[in-house]
2 protein chains.
Amino acid sequence: MPLLYHTCGIIESMKKMNTTPLSGTQEFSPAVQAVFNDLKAKIAAVYRLHGFETIETPVLERLDILLAKAGGDTEKQIYRVLKTGETGETADQGLRFDHTVPLARYVVEHENELIFPFKVSQIGRNWRGERAQKGRFREFYQCDVDVIGRGTLDIAYDAEVIATLLDAYSRLKLTTPVVARISNRKIVTGFLSALDLTAQAGEIYSIIDHADKMSPEAVEQALRDLQLPNDGAKKVLQLMAIHGARAAVMEALGALNIDNEEFAAGVAELGRVLELLEADGLEGQIEANLRIVRGLDYYTGTVFEFAMPEHTEVGSLGGGGRYENLAGYFTDQQLPGVGGSIGLSRLFYLLNEYHLLAGSSAAAKAVEYAVIPMSEAQAAFALKIARKLRSDNSSATVVFAGKRLGDKLTYASKLARKAIVIGEEEVASGQYTVKQFD
Amino acid sequence: MPLLYHTCGIIESMKKMNTTPLSGTQEFSPAVQAVFNDLKAKIAAVYRLHGFETIETPVLERLDILLAKAGGDTEKQIYRVLKTGETGETADQGLRFDHTVPLARYVVEHENELIFPFKVSQIGRNWRGERAQKGRFREFYQCDVDVIGRGTLDIAYDAEVIATLLDAYSRLKLTTPVVARISNRKIVTGFLSALDLTAQAGEIYSIIDHADKMSPEAVEQALRDLQLPNDGAKKVLQLMAIHGARAAVMEALGALNIDNEEFAAGVAELGRVLELLEADGLEGQIEANLRIVRGLDYYTGTVFEFAMPEHTEVGSLGGGGRYENLAGYFTDQQLPGVGGSIGLSRLFYLLNEYHLLAGSSAAAKAVEYAVIPMSEAQAAFALKIARKLRSDNSSATVVFAGKRLGDKLTYASKLARKAIVIGEEEVASGQYTVKQFD
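A quick note: this is a predicted structure, and the numbers were derived from the prediction, not measured.

**Description of the overall build of chain A**
Part 1 of the argument: When its secondary structure is counted, chain A shows 15 helices and 16 strands.
Part 2 of the argument: Dimensions of chain A, computed from the C-alpha atoms along their principal axes, are close to 90 × 60 × 50 Å.
Part 3 of the argument: Burial status across chain A gives 57% buried among its 438 residues.
Part 4 of the argument: Residue pairs in contact within chain A that sit at least 24 positions apart in sequence constitute 70% of those at least 6 positions apart.
Part 5 of the argument: Just so you have it, chain A exposes about 17,800 Å², and 49% of that area is on carbon and sulfur atoms.
Part 6 of the argument: Computed over 47 positive and 57 negative side-chain charges, the separation of the two mean positions in chain A equals 8 Å.

Right, here's the structure in full:
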């Protein structure tokens with residue numbers, strides 16, 4: 001596969017301005033762009049096969065819509081966009097920073113045109129003014145699927161979203177397996193409530209959330225530092241240790257002897273999600289893991305994350321979860337949903353960085369046939385052949401560049417997989433041969 | 001085809017905020033989005049078949065890059081984007097307003113990775129703060145093809161770009177033909193120079209450019225008002241009247257008896273472009289037309305515009321032309337090019353407004369199969385069937401919503417073309433029937 005990050009592309013003395021793309025944006029050579037497009041198309045194909053409809057919201061959004069739910073760091077990361085022309089310079093619009101806020105607005109705006117549960121996919125760029133660093137971009141692609149219910153939404157859709165994303169990862173033909181690690185926030189919340197640890201829930205959640213980036217000793221110490229009552233530190237460590245296949249995890253959760261309604265509901269939901277994924281033939285690609293929390297505020301039930309067990313250095317590849325109400329800021333209608341996202345820009349960066357893309361077929365030459373008229377006189381015949389090839393769905397380019405045949409063939413060999421040279425003889429006979437470049 | 005512009009989508013009393021998209025942006029219901037996506041995919045497919053490589057530049061660009069060539073109205077229409085967070089509110093970045101300026105920067109930046117002539121396509125959104133009006137958008141899709149040479153570029157590529165765009169329009173299956181109207185700026189420039197009218201060239205160009213929106217009398221009057229020497233008004237009208245097929249136009253241009261090198265070069269180029277398009281089998285879709293000018297500054301040779309002769313009220317659908325130097329602001333390297341663009345957002349608006357899209361197949365239901373388990377107990381079997389269907393490349397959704405079978409079938413019928421109901425019997429026998437919704 002071609003290099004992702006190119007060296008400077010022109011003799012410096014000819015350059016009159018800085019032509020590098022802005023920091024935090026991605027820009028590829030055509031060959032790399034083809035690989036990126038191929039991954040994007042594969043993800044879109046899987047989303048379509050799973051019956052998700054496609055929508056595309058504007059990049060420019062009202063600032064009040066963006067700010068309604070943003071808060072905290074995200075609010076600081078929103079790109080504000082000035083009005084143009086004579087209307088002054090008040091920024092009351094911005095660039096969308098994710099697909100979820102525009103989706104919430106969209107569902108409220110278009111509710112009467114939608115069929116609920118609304119299975120929807122969004123693939124596009126979002127913008128966040130994050131500190132630019134390796135694998136973090138300010139302009140980045142996300143590939144989201146969501147299922148939105150009206151009033152209620154069956155827990156089976158949680159499994160459906162996870163299955164869809166797993167199928168998408170499978171389609172990418174990575175050299176290493178991707179696994180979904182799944183939990184349910186109700187289990188942790190119920191657990192803490194049963195142990196009278198609700199007051200410290202925020203700090204405990206934060207430790208669980210960051211545990212994978214800490215040593216086991218540091219995690220234990222952090223929990224002990226909280227001086228939890230009821231032997232809390234030990235019990236939380238017990239909960240955090242639970243992971244694996246459904247049967248074992250269900251047994252371990254039962255052995256905790258927690259008498260709490262929310263805990264029980266969470267265990268039942270997690271069990272059902274795992275059961276459906278097993279029924280769907282995905283047993284080898286899922287793991288229950290009680291360490292999965294996915295941030296603090298947003299998710300209320302199922303939570304999941306994708307990782308490469310053989311490449312723990314890569315970290316999370318994406319994730320998602322269940323939210324009780326998509327658009328509470330915009331409408332009184334209750335809209336529960338479950339969604340997940342593949343962060344394609346970050347994923348693509350990681351796949352290149354760790355050489356995890358199998359093969360490089362998509363990086364092959366862009367064009368199938370180069371049709372080469374030896375001189376102007378054969379241009380008409382060359383055009384006819386190219387048109388015929390295209391009508392058979394083969395890509396074809398007619399080479400008008402280069403003075404000598406050698407130049408034309410060199411050009412063609414860089415671009416195309418096959419060449420057809422058209423001289424006087426070919427025009428006269430109507431016959432031509434196809435040369436295969438190796 | 002479904003309505004493009006929806007009515008308000010929710011009971012007002014439940015809405016808590018204004019959820020309409022920003023003025024000047026487009027947002028579709030899923031069914032309309034599917035039609036839009038289908039057109040976009042067809043254009044992309046034709047560009048690929050013609051051997052154009054794909055690139056995607058960032059939406060966010062350095063302001064100095066955007067301003068290098070913008071000037072005039074365009075400069076006022078650039079959306080400036082503030083830096084986020086603590087770095088202050090200086091706008092030194094903006095949203096790209098076309099594909100050409102980022103392409104110029106891209107070609108300079110990536111020159112060493114590119115193969116020249118570089119055949120490149122760009123499909124994506126651009127932003128201009130234009131006054132919002134019917135069919136004019138502030139956020140809009142453009143589908144560009146360009147061929148960039150290094151030092152020189154054969155005139156045959158002008159024909160290739162026109163042929164590609166004509167093929168793209170053909171693929172859209174419109175109910176009315178699209179025709180390319182083609183001219184060459186050198187003809188007009190040489191003509192004016194030969195008649196000693198170069199001093200008034202700007203005003204004359206402007207009248208020619210706007211002639212299609214004026215009455216013949218108004219055009220004549222505007223020319224007379226210029227008080228051109230050498231019987232200029234009459235002669236310009238003579239030139240403007242020339243249009244039609246190649247042979248007739250070549251003869252009419254010859255009959256003007258203009259002895260000027262640039263004029264002769266333009267006539268030769270125009271003749272060659274028309275000849276190649278005829279050889280390519282496009283004779284019925286092209287017309288030479290000396291009124292085509294395409295603005296004042298940018299183009300230097302071939303210019304073309306696409307129109308629907310049977311729907312003159314629709315106006316220009318897109319166009320393009322030859323430019324002598326793509327990136328003169330960014331590099332001393334001479335990069336001649338020829339490019340054209342389909343303004344997809346405007347085109348889609350017009351096709352809907354004038355009902356010019358044949359059929360509505362792409363607007364059909366999004367999903368092929370709805371697989372309906374009668375109860376939870378059949379979910380596993382339903383998932384298996386759906387997975388099998390998807391592995392055969394059919395889209396399938398498992399219906400977990402709705403309590404009664406009737407509800408499930410109603411939901412399925414809105415979404416899918418076929419349904420498969422799975423009850424105890426189907427699970428026991430492993431046999432099921434496919435119900436076709438009409």
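**Quick word on the packing of helix 1 (residues 30-49) of chain A against helix 12 (residues 344-353) of chain A**
Residue and element names in this part refer to chain A.
Part 1 of the argument: Axis separation between helix 1 and helix 12 bottoms out at 11 Å; the angle between their running directions is 125°. Taken together, the axis directions place helix 1 and helix 12 in an arrangement best described as oblique. Helix 12 is crossed by helix 1, and the crossing has right-handed handedness. Residue-level inspection shows V32, V35, F36, L39, K40 and I43 of helix 1 in contact with helix 12, the latter providing L344, F348 and L351.

**What about the sheet that holds strand 10 (residues 302-307) of chain A?**
All names here are of chain A.
Part 1 of the argument: Taken together, the nine strands give an open sheet; going across it, the order is 1-5-6-12-11-10-7-9-8, and neighbouring strands pair in mixed fashion. Strands at the two margins of the open sheet, each flanked by one partner only, are strand 1 (53-54) and strand 8 (243-244).
Part 2 of the argument: Note that strand 10 and strand 11 (residues 318-323) share four bridges and pair antiparallel. Residue pairing across strands places V303 opposite G321, the latter belonging to strand 11.

**As for the nonpolar core**
Part 1 of the argument: Residues I182(A) and L253(A) are the most contacted members of the largest nonpolar core, which totals 100 residues.
Part 2 of the argument: The element contributing the most residues to this core is helix 5 (residues 156-171) of chain A, with 10 residues.
Part 3 of the argument: Non-local contacts of L253(A), meaning those with residues more than four positions away in its chain, are made with I187(A), L239(A), I242(A), F263(A), V267(A), L270(A) and L290(A).
Part 4 of the argument: Of all hydrophobic cores here, the second largest spans 99 residues; its members include V398(A), V35(B), V188(B) and L350(B).

**What to know about helix 5 of chain A**
Residues and elements named next belong to chain A.
Part 1 of the argument: Here helix 5 spans 23 Å end to end across 16 residues, near enough to the 22 Å set by a 1.5 Å rise per residue.
Part 2 of the argument: Burial analysis of helix 5 places 14 of its 16 residues in the buried class, the great majority of the element.
Part 3 of the argument: Just beyond helix 5, the residue with positive phi is K173, at close to 55°.

**Describing the sheet that holds strand 15 (residues 416-422) of chain B**
Residue and element names in this part refer to chain B.
Part 1 of the argument: Ordered by their spatial adjacency, four strands build an open sheet running 14-13-15-16, and the pairing between neighbours is mixed. Edge strands, defined here as strands with exactly one partner in the open sheet, are strand 14 (396-398) and strand 16 (435-436).
Part 2 of the argument: In this structure, strand 13 (residues 367-373) lies alongside strand 14, joined through three bridges in parallel fashion. Along strand 14, the bridge assignment pairs V371 with V398.

**Things to note about the packing of helix 6 (residues 185-194) of chain B against helix 7 (residues 201-210) of chain B**
Residue and element names in this part refer to chain B.
Part 1 of the argument: At their nearest, the axes of helix 6 and helix 7 sit 11 Å apart, and the two run at 135° to each other. As summarised for this structure, helix 6 and helix 7 are arranged oblique, according to the angle between their axes. Both helix 6 and helix 7 take part in a crossing whose hand is right-handed. Residues R185, V188, T189 and L192 of helix 6 pack against A201, I204, Y205 and I208 of helix 7.
Part 2 of the argument: A per-class count over the contact of helix 6 with helix 7 returns six nonpolar, one polar and one charged.

Parameters at a glance
Residues numbered from 1 in each chain as written. Chains lettered and ligands numbered in written order. Predicted model: local features only at pLDDT ≥ 70, side-chain atom pairs only at ≥ 80, totals over all residues. Heavy atoms only, no water. Helix = DSSP H or I, 4+ residues; strand = E, 2+ residues; numbered from the N terminus. Buried < 20%, exposed > 50% of the residue type's maximum accessible area, 1.4 Å probe, protein only. Contact = heavy atoms within 4.5 Å. Areas by Shrake-Rupley, 256 points an atom, 1.4 Å probe, with all protein chains shown as cover. Lys, Arg positive; Asp, Glu negative; His and termini not counted. Charge placed at Lys NZ, Arg CZ, Asp CG, Glu CD. Axes fitted to C-alpha atoms, helices over the stretch in contact; angles between N-to-C directions. Parallel < 35°, antiparallel > 145°, perpendicular 65-115°, else oblique. Left-handed = near helix turned anticlockwise from the far one by under 90°. Pairing = 2+ DSSP bridges. Core = buried A, V, L, I, M, F, W, Y, C linked by side-chain atoms within 4.5 Å. Expected span 1.5 Å × (residues − 1). Nonpolar A, V, L, I, M, F, W, Y, C, P; charged D, E, K, R; others polar.

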